[in-house]
Amino acid sequence: MNSGYGGGLYKCKVVGAEVSLEKIYSGPCYGLIKKEDAFIFVDSDKGLFKCQKGELHSLCKLPKAARAHGISFNESNEKYYVTCSNLDSVLELDGNFNVIREFSLSCKRRNTEEPMHHCNDNLAMGNSLFVSMFSSTGNWKNDVFDGCIAEFNIETGERLQNIKDGLYMPHNLKEFDGAIHVLDSLPGHLLFNNLSVQGTFPGFTRGLDYNAGLYYIGQSKNRNYSKTLGLSNNISIDCGVIAFNPLMKVSRFMQFPHAIGEIHSIVV
């Protein structure tokens, strides 16, 4: 396989109509955040890594087979939060990347010894930890996709009421300009402004950032397009990044090579 393809951390450069990719790290990568002059990202097999000024550094390992996905940093308590799909929980890490606490979505995994909620991303700010998942009740394996954004009280660890229900495979919880954003991935919706639909796109949306008035939204090849039959009249199976102007409601699609099929996180 071409070493320029496959999972990893990539740098995408756009100059006019030209889109080029440079592979920086190879591995099954998911969450990605910018912290000062460094990028911190998740390799679901090997743990957390940092890319700083072109150099790669291993930060920590995570529990074996945890299937770590999203990561966020809470400015209020200076701790990191990593969502682990196979644990049905979010791990809290201190500034030295030591795991110090775990937020469990429910008791179902303890009872079944299987992940039941399919959690993926999180957003930690203040005393709240928000988590996106495919099933609030833990029934996605029963074909019940009651996706949601759950909220935890960070101080007590208690799971509170969901702040948003009725989502279909949500990803990428973000905060921009004081507002919570999320991608409702299967129907291709971007939600903000009281978590209402502000943009709709033809593919599986995953990967989200905002810069200078534009949203940057990843689009992956849709492995579940049969589920959107009847919901969408245009199902894209291309992979790339959409630049979206939310005021004008116009977008540009920057297509990636066919061998790259999925995007999980974007940082502009």
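Here is what the cut-offs are and how they apply
Residues numbered from 1 in each chain as written. Predicted model: local features only at pLDDT ≥ 70, side-chain atom pairs only at ≥ 80, totals over all residues. Heavy atoms only, no water. Buried < 20%, exposed > 50% of the residue type's maximum accessible area, 1.4 Å probe, protein only. Helix = DSSP H or I, 4+ residues; strand = E, 2+ residues; numbered from the N terminus. Pairing = 2+ DSSP bridges. Lys, Arg positive; Asp, Glu negative; His and termini not counted. Salt bridge = Lys/Arg side-chain N within 4 Å of Asp/Glu carboxyl O. Polar contact = N/O pair within 3.5 Å; in protein donor to acceptor, adjacent residues only side chain to side chain. Contact = heavy atoms within 4.5 Å. Core = buried A, V, L, I, M, F, W, Y, C linked by side-chain atoms within 4.5 Å. Axes fitted to C-alpha atoms, helices over the stretch in contact; angles between N-to-C directions.

Peer 1: Would you explain the pairing of strand 11 (residues 119-125) in this entry?
Peer 2: Where a strand is regular, its side chains alternate between the two sheet faces. Burial analysis of strand 11 places six of its seven residues in the buried class, the great majority of the element. For strand 11 and strand 12 (residues 128-133), the ladder comprises five bridges, and the chain directions are antiparallel. Looking at strand 12, one finds that C119 is bridged to M133. Here strand 11 folds back onto strand 12 in antiparallel fashion, the turn holding two residues, of which G126 has a positive phi close to 60°.

Peer 1: Got a minute to help me understand the side chain of D43 in this structure?
Peer 2: Position of D43 among the secondary structure elements: in strand 4 (residues 38-43). There is no salt bridge for the buried D43, and the closest opposite charge comes from K46, which lies 5.2 Å off by N-O distance. Within the structure, the side chain of D43 is placed 3.1 Å from the backbone nitrogen of K46, a separation counted as a polar contact. In contact with D43, not counting residues within four places along its chain, are Y25, G27, P28, C29 and F49.

Peer 1: I keep staring at the environment of G147 and nothing clicks. Help me out?
Peer 2: Relative to the assigned elements, G147 resides in strand 13 (residues 147-153). By relative accessible area, which is 0% here, G147 ends up buried. Once the C-alpha coordinates of G147 and K164 are considered, the two residues, 17 residues apart in sequence, prove to be 8.6 Å apart.

Peer 1: I'm lost on the environment of V99 in this one. Help?
Peer 2: For V99, the location among the structural elements is in strand 10 (residues 99-104). Each C-alpha atom of the pair V99 and G70 lies 15 Å from the other, and the pair is 29 residues apart in sequence. When near neighbours in sequence (up to four residues on either side) are disregarded, V99 contacts L91, E92 and L93.

Peer 1: Just checking my understanding: could you explain the nonpolar core for this structure?
Peer 2: Membership of the largest hydrophobic core comes to 17 residues, with the highest contact counts inside it found for L48, L62, I71, Y80, V82 and L93. Secondary structure elements with two or more residues in this core: strand 4, strand 7 (68-74), strand 8 (79-84) and strand 9 (89-93). Ranked by size, the runner-up nonpolar core spans 13 residues in total, among them V90, A124, L129 and I154.

Peer 1: Please explain the sheet that holds strand 4 as it appears in this structure.
Peer 2: The strands that make up a sheet are held in pairs by hydrogen bonds between backbone atoms, and each pair lies either parallel or antiparallel. As summarised here, the arrangement of the four strands in space is 3-4-5-6, forming an open sheet in which the pairing is antiparallel. Across the chains shown, the open sheet's two edge strands, defined by having one partner strand only, are strand 3 (29-35) and strand 6 (55-60). Averaged over all adjacent pairs, the angle separating strand axes in this sheet is 25°, with direction ignored. Bridge count between strand 4 and strand 5 (residues 47-52): six bridges; the pairing is antiparallel. Considered in strand 5, the bridge of V42 is made with L48.

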